[in-house]
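# Topology and contacts: notes
If you want the building blocks of each chain, they are given just below.
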Amino acid sequence: MAEKGAVKATRENLYTADRAELFDNRDRLVRDQWVKIMKLRIVREKLTECYHRESVNHMQNCRELVERYLKDLPGAQIGGRPPFLKDE
């Protein structure tokens, strides 16, 4: 059996691979992506509240939230193609 969480399908064996495992892996990937997106949404909401609460001093007082948001932003996007179908 494949390593936990690893998608074993490639272009060559896409139609012969274990379809149940493929669907489980796809669902896991989508779920993980949505968790990242929802965490980022929470940080963004806190950041918006901080901007409104701190008004003039938001650049000093909301700095940690901005840094966290910018750090997490690149990893919280949904990709268009599954990793096993991306061109190398």
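Residues numbered from 1 in each chain as written. Predicted model: local features only at pLDDT ≥ 70, side-chain atom pairs only at ≥ 80, totals over all residues. Heavy atoms only, no water.

Under the definition given, this model contains five salt bridges. In this structure, R28 and D32 form a salt bridge, with 3.3 Å as the shortest nitrogen-oxygen distance. Pair noted here: R28 and D32 are both in helix α1 (residues 19–54), with a separation of four residues, about one helical turn. Owing to a relative accessible area of 22%, R28 belongs among the partly exposed residues under this scheme. Since its relative accessible area comes to 35%, D32 is described here as partly exposed. Linking R68 and D72 is a salt bridge whose minimum nitrogen-to-oxygen distance equals 3.9 Å. With R68 and D72 both in helix α3 (residues 63–72) and four residues apart, this pair spans about one turn of that helix. Members of the salt-bridge network, linked through shared partners, are R68, K71 and D72. (Salt bridge = Lys/Arg side-chain N within 4 Å of Asp/Glu carboxyl O. Helix = DSSP H or I, 4+ residues; strand = E, 2+ residues; numbered from the N terminus. Buried < 20%, exposed > 50% of the residue type's maximum accessible area, 1.4 Å probe, protein only.)

Across the protein chain, pLDDT averages 77, with 68% of residues at or above 70. Across the protein chain, element-level confidence peaks in α3 with a mean pLDDT of 90 and bottoms out in α1 with 87. (pLDDT = per-residue confidence, 0-100.)

Summed over the entire model, instances satisfying the criterion amount to one disulfide. Two residues share a disulfide in this structure: C50 and C62, whose sulfurs sit 1.9 Å from each other. Disulfide C50 to C62: torsion about the S-S bond roughly -95°, handedness left-handed. Residue C50 is located in helix α1, and its partner C62 is located in the loop between α2 (58–61) and α3; the two are separated by 12 residues in the primary sequence. For the residue pair C50 and C62, the accessibility class agrees, reading buried in each case. (Disulfide = S-S within 2.5 Å.)

It is worth spelling out unusual backbone geometry at this point. In this model, S55 sits at a positive phi of 45°, which is unusual for a non-glycine residue. Residue classification places S55 among the partly exposed positions, given a relative accessible area of 43%.

Let us look at the nonpolar core. Formed by I37, L40, V43, Y69 and A76, the largest nonpolar core amounts to five residues. Ranked by residue count, the leading element in this core is α1, at three residues. Discounting chain neighbours no more than four positions away, the residues touching V43 are L65, R68 and Y69. (Core = buried A, V, L, I, M, F, W, Y, C linked by side-chain atoms within 4.5 Å. Contact = heavy atoms within 4.5 Å.)

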